[in-house]
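Take a look at the letters that make up each chain.
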Amino acid sequence: MDEALPLFEAEGSARPLADRLRPRTLDEVVGQDHLLAADAPIGRMVAEKRLVSMILWGPPGCGKTTIARLLAERSNLVFEPLSATFSGVADLRKVFSAATKRREIGQGTLLFVDEIHRFNRAQQDSFLPYVEDGTVVLVGATTENPSFELNGALLSRCQVFVLKRLNDDALETLIERAGAVPLTPDARHALIAMADGDGRYLLNMIEALPTSTEPLDVAQLVAQVQKRAPLYDKKQEGHYNLISALHKSMRGSDPDATLYWLARMLEGGEDPLYIARRLVRFATEDVGMADPQAVQQTLAAWDVYERLGSPEGELAIAQAAVYLATAPKSISVYRGFGEARAAARRTGSLMPPANILNAPTRLMRDLGYGKDYEYDPDTADGFSGANYFPDGMERERFYEPTANGNEFDVSERLARWNALRKGHRAAEPS
């Protein structure tokens, strides 16, 4: 936009600043050059006049609605906006009927559906014939992962474009377009940080600032506006993205990243007990026998949180997370148990060898139950080397310890026992 608009319009104006500053051309859209530049996917579509149905996936305030409106304008299509939150099948029928009539006279329709992920599967299916035959060009906007929220038939007929949260440069451009914003340089940087990548929220905060001849400092700014709530939904993709980041940071032995993602989840309103449960799971899956104390540490943190609650109990969860991040790692038990279960499914009817079975009755003793059983703690080496696998099944090795942490000692112990086992076998009469 060539010219900044006045920050405070004349009294009686009902249009919010974000609407007054809405870009009038695609070139004015900030932060989405990877899609809108001349050599980018949507930019090429517009230049070649071959607009296709698409899903715009991105966080709030990144320009999805504006882009859809401008695409309709550039492509000479009638812009039909709908919100999935407030619309139903009857509204869709009206739009499709009007679009069909327009098509008969050579006029196309761009149907923009905000929050398209809120439509159920049946409602999404209603788009298919009209998208398929070109009655409408569908542009759906969503903040949620389309792979999870939209049905496959609709996705196969649309291209999915990922919009980015607005970076600091893009937000700075919006501040400049807003005109004379009464802030000190430090407060200006703070305002950008408080917007957290949301252009609409940035402009709403600017509009909330008082008229002043003196620039506001950081403290005065914070007193006037609220920081944007973190983008986090405990039931949607953001939840799974952050728990994945926390999990992989611990697995990658990075305690600093671990603390950051843990803090992000707690600041976003995640249930600390959910995190505590995930830490216990991590201790068994990713640390395992490399540090058997990891499970006790996570269970203790869970117990502390249940006793203290927030915020004091969250420190115990943080301590357990750092413990896991700095612990040696091993998935030997996790992998070995999976292989053992597969073997159990293959050989599920084989009986244990008779010598390791209890013989509480004379008949069972006569059948050989418990015969020649050796009590390992009472042998010379504390190890008998007996076979504990079913009759008819070759011995298999499921547990392969690493050299990490406690498993280094375990691997040496197992190597010694394996040598003794071979020795005992060699001594058995043929």
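Note on numbering: residues in each chain are counted from 1, in written sequence order. Given that the model is predicted, a residue must reach a pLDDT of at least 70 before its local features are reported, and side-chain atom pairs must reach 80 or more before they are shown or counted; all residues, however, enter totals for whole chains, interfaces and linings. Excluding hydrogens and water, the side-chain values take into account all heavy atoms of the structure.

Novice: Hey, could you run me through the side chain of Gln 32 in this one?
Specialist: With respect to the secondary-structure elements, Gln 32 resides in the loop between α1 (17–20) and α2 (33–36). A distance of 2.8 Å separates a polar side-chain atom of Gln 32 from the backbone oxygen of Lys 164. Every residue pair with non-hydrogen atoms within 4.5 Å of one another is taken to be in contact. Apart from residues lying up to four places away in sequence, Gln 32 is in contact with Cys 62, Ile 67, Leu 163, Lys 164 and Leu 166. Put simply, DSSP marks the helices as runs of H or I at least four residues long and the strands as runs of E at least two long, and each gets a number from the N terminus on. Counted as a polar contact is a pair of N or O atoms within 3.5 Å, where, for protein atoms, one must be capable of donating a hydrogen and the other of accepting one, and residues adjacent in sequence contribute only when both atoms are in side chains.

Novice: What is the right way to read unusual backbone geometry from this model?
Specialist: Most peptide bonds are trans, and most residues other than glycine sit at a negative phi. With omega at 0°, the peptide bond leading from Ser 310 into Pro 311 counts as cis. Backbone geometry at Asn 76 places phi at a positive 55°, although glycine is not the residue there. Considering the arrangement of structural elements, one finds Asn 76 in the loop between α4 (64–74) and β2 (78–83).

Novice: Please clarify how the nonpolar core should be interpreted in this entry.
Specialist: A general trend in soluble globular proteins is that nonpolar side chains are found buried together. For the purposes of this section, nonpolar cores are sets of buried Ala, Val, Leu, Ile, Met, Phe, Trp, Tyr and Cys residues that join through side-chain atoms within 4.5 Å. Buried, partly exposed and exposed residues are distinguished by accessible area as a fraction of the type maximum, computed with a 1.4 Å probe on protein chains only: under 20%, between the cut-offs, and over 50%, respectively. With 26 residues, the main nonpolar core has Leu 183, Leu 191, Leu 202, Leu 203, Ile 206 and Leu 221 as its most contacted residues. Breaking this core down by element, the ones donating at least two residues are α1, α10 (168–177), α11 (185–195) and α12 (199–208). With six residues, α11 is the single largest residue contributor to this core. In this view, Leu 203 contacts Leu 17, Ala 18, Leu 21, Leu 174 and Ala 178; residues no more than four positions away in its chain are not counted.

Novice: Got a minute to help me understand the packing of aromatic side chains in this structure?
Specialist: Aromatic ring pairs are described here by two measures, namely the spacing of the ring centres and the angle between the planes. Side-chain rings of Phe, Tyr and Trp (the six-membered ring for Trp) are treated as a pair once their centres are within 6.5 Å; stacked means planes under 30 degrees apart, edge-to-face means over 60, and tilted covers the remaining angles. The full count for this structure, using the stated rule, is seven aromatic pairs. Ring centres of Phe 96 and Phe 127 lie 5.9 Å apart, and the angle between their planes is 85°; on these two criteria the pair is classed as edge-to-face. With Phe 96 in helix α5 (residues 89–104) and Phe 127 in the loop between α6 (121–125) and α7 (128–132), the pair connects residues that are 31 residues apart, well separated along the chain. Residue Phe 96 shares its accessibility class with Phe 127, and that shared class is buried. Geometrically, the ring pair formed by Phe 96 and Tyr 130 is stacked, given 4.1 Å between the ring centres and 10° between the ring planes.

Novice: How should the packing of helix α16 (residues 272–287) against helix α18 (residues 314–326) be read in this particular structure?
Specialist: Pairs of packed helices are described in terms of their axes, by the angle between the two and the distance that separates them. Lines fitted to C-alpha atoms define the axes, with helix axes restricted to the stretch in contact, and inter-axis angles between N-to-C directions lie between 0 and 180 degrees. Between α16 and α18, the shortest axis-to-axis distance is 10 Å and the interhelical angle comes to 20°. The pairing of α16 with α18 is recorded here as roughly parallel in orientation. For the pair α16 and α18, the sense of crossing is left-handed. Between α16, through Pro 272, Ile 275, Ala 276, Leu 279, Phe 282, Ala 283 and Val 287, and α18, the contact on the second element is made entirely by Glu 314, Ile 317, Ala 320, Ala 321 and Leu 324. These descriptions rest on fixed angle ranges, namely under 35 degrees for roughly parallel, over 145 for roughly antiparallel, 65 to 115 for roughly perpendicular, and the rest for oblique. Should the near helix be turned counterclockwise from the far one by less than a right angle, the crossing is left-handed, whereas a clockwise turn marks it as right-handed.

Novice: Honestly, the sheet that holds β2 in this entry has me stumped. Any pointers?
Specialist: What holds strands together in a sheet is hydrogen bonding between their backbones, with the strands either parallel or antiparallel. Ordered in space as β2-β3-β4-β1-β5, the five strands form an open sheet in which the pairing is parallel. Looking at which strands have only one partner, the edges of the open sheet turn out to be β2 and β5 (159–162). The sheet shows a mean angle of 20° between the axes of neighbouring strands, direction not considered. Note on pairing: DSSP must find at least two bridges between two strands before they are called paired. Relative to strand β4 (residues 137–142), strand β1 (residues 54–57) is paired through four bridges, and the arrangement is parallel. Bridge pairing in β4 links Trp 57 to Thr 142.

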